[in-house]
Amino acid sequence: MREKKLQFETELIHTGYESSRHHDSLAVPLYQTSTFTFPTAEEGEARFAGEHQGNIYSRLGNPTVRVLEERMAEIEHGAGALAFGSGMAAVSAVLIHLTKAGDHILASRGVYGCTFGLLEMMEEKYGITHDLAAMRTEEEIERSIRPETVCIYVETPINPTMEIVNLQAAAAVAKRHGLKMVVDNTFCSPYLQNPLLAGADFVLHSATKYLNGHGDVVAGVLVGKDAEEMEALRMTVQKDVGGIISPFDAWLILRGLKTLHIRMDRHTDNAEAVLRFLKGQPEVKTIYYPLDSGHPQAETARQQMRRGGGLISFEIEGGRKEAQAFMNALKLIKIAVSLGDAETLIQHPASMTHAVVPAESREAMGISDSLLRLSVGLENAEDIEADLRQAFAKVNPDSKRLQEA
Ligand SMILES: *Cc1c(COP(=O)(O)O)cnc(C)c1O
């Protein structure tokens, strides 16, 4: 019997750890070991047979990693979780688990670049086909379901244009057709959005981003709502494909998680301040932010997201040359892909994260050459704004805004 569910913030700090079982250590100990010793040969036999609980070998489970897994399962409202050596290892594990040759995956019309690469590889090598579809309504999703479809794979908000997938609509269609639904929740973190509560079967994260939050780990987590299925996944795809996390990286993510709620609120406060600032800039043509009143799906976003999060995309006047000049003019804000770190980061999707997408498809996805994506960090918002302001002034010295100033 589970005890009464704790509040989210408390779970981030306590769930899955019992200090009395670890020499009373307050902090979760780092079990930096590849293997575990058996007191007797018979005990080793019993553990391998699954008759006794207990550690065997770190690819099959590690006590530090298990604390992270239990904590993640709880905060994402799942029944089991597995930690991986990267977000992509989590993506590939769940897709290998759910599909076989001849099956079809229906994905949202924007997915992380390497996820798209994986879908293409699975099609080429194993005949597992896929389609990408807009998923704003049940009708839009329903239209692309095929007899061979086994899974709906969703990212929301979609990077970098912040289009929203309606999670409840996707879950309704998945249920109607007996499909599994997977959601990549990296952009929101479990603080802002809980896809399992909306009806998804699996939720995954690149823990590299907000979960760890300090830019020093690459890792992933997969949470499922069926505990037995997750244990089966541990002993099949995770064990045999082997994309496990290192105990040290799990330890760092456990440290990061303790402040997730505080960080997500500050990321969002800062993003809202930057949003207001960008709206007053004559050089900014369009802004994409999930909970902005100007977002065409702000209502859906509000239903499934607690707040808008730390990511903002915007188009500036001009093209690639102007966008790159603007990035080069920034001083505090760093030019880098990735997101969710304490440092504010800017990247140019057309030449970086989405460079592999052909130019026409990029345009169709709304990714123009002047689009920039900002991962708003935890610095003082006024310092972030001041850096943006001086960069706008540098690339556009004649602007109306400056003449007024
Ligand atoms: C970064 C990212 C991934 C991949 O995660 P890695 O940890 O880099 O392997 C997957 N999905 C989204 C939305 C991401 O931002």
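## Here we look at helix H5 (residues 113-126)
Look at H5: 20 Å from first C-alpha to last across 14 residues, which is about the 20 Å you get at 1.5 Å a residue. Buried within H5 we find Thr115, Leu118, Leu119 and Met122. Summarising the axial view, the buried residues of H5 lie within an arc of 100°, below the 170-degree limit, and thus occupy one face. Those residues of H5 that are exposed and aimed more than 90 degrees away from the buried face are Glu124 and Lys125. Where H5 is buried, its residues meet helix H4 (87-98), strand S2 (104-108), strand S3 (129-133) and strand S4 (149-155). A positive backbone phi angle near 65° is found at Gly127, which sits one or two residues after H5.

## A word on the site of the ligand
Close to the ligand lie 13 residues, the nearest being Gly87, Asp184, Ser206, Thr208 and Lys209. The contact in question runs from a nitrogen atom of the ligand to an N or O atom on the side chain of Asp184, over 2.6 Å. Note that an oxygen atom of the ligand is positioned 2.6 Å from one of the side-chain N or O atoms of Thr208. Protein burial of the ligand: of its 380 Å² of free accessible surface, 91% is covered by the chains.

## Remarks on the packing of aromatic side chains
Across all of its chains, the model carries six aromatic pairs by this definition. Measuring from centroid to centroid gives 6.2 Å for Phe314 and Phe326, while their planes differ by 90°, and the two rings are edge-to-face. Remark: Phe326 occurs in helix H13 (residues 320-329) and Phe314 occurs in strand S9 (residues 311-316); sequence separation between them is 12 residues. For the pair Phe314 and Phe326, one class covers both residues: buried. Connected via pairs of aromatic rings, a cluster forms that spans Phe277, Phe314, Phe326 and Phe392.

## Considering the sheet that holds S9
Overall, mixed pairing links the five strands, which are arranged S8-S9-S12-S11-S10 in an open sheet. Each of the sheet's edge strands pairs with one partner strand only, and the pair in question is strand S8 (284-288) and strand S10 (334-335). Where S9 lies against strand S12 (residues 371-375), five bridges are found, and the strand directions are antiparallel. Opposite Leu311, over in S12, you have Ser375 as the bridge partner. The sheet strands contacting H13 are S9, S10, strand S11 (345-347) and S12, and the helix crosses S9 at an angle near 125°.

## Considerations on the domain arrangement of the chain
What the domain assignment lists for the chain is domain 1 (8-30 + 61-257) and domain 2 (260-404). Computed over C-alpha atoms only, the centres of domain 1 and domain 2 are separated by 26 Å. With 34 residues of domain 1 at the interface, the matching set in domain 2 holds 35 residues. The largest per-residue losses of area from domain 1 upon contact with domain 2 belong to Tyr191, Leu192 and Tyr210, which jointly make up 28% of the total buried on that side. There are zero salt bridges connecting domain 1 and domain 2. Here domain 1 is connected to domain 2 by 14 residue pairs in polar contact (both at pLDDT 80 or more).

About the thresholds
Residues numbered from 1 in each chain as written. Predicted model: local features only at pLDDT ≥ 70, side-chain atom pairs only at ≥ 80, totals over all residues. Heavy atoms only, no water. Helix = DSSP H or I, 4+ residues; strand = E, 2+ residues; numbered from the N terminus. Expected span 1.5 Å × (residues − 1). Buried < 20%, exposed > 50% of the residue type's maximum accessible area, 1.4 Å probe, protein only. Arc of directions from axis to C-beta. Contact = heavy atoms within 4.5 Å. Near = heavy atom within 4 Å. Polar contact = N/O pair within 3.5 Å; in protein donor to acceptor, adjacent residues only side chain to side chain. Areas by Shrake-Rupley, 256 points an atom, 1.4 Å probe, with all protein chains shown as cover. Phe/Tyr/Trp six-rings, centres within 6.5 Å; stacked < 30°, edge-to-face > 60°. Pairing = 2+ DSSP bridges. Axes fitted to C-alpha atoms, helices over the stretch in contact; angles between N-to-C directions. Domains from an automatic or database assignment. Buried area = accessible area lost by both parts, 1.4 Å probe. Salt bridge = Lys/Arg side-chain N within 4 Å of Asp/Glu carboxyl O.

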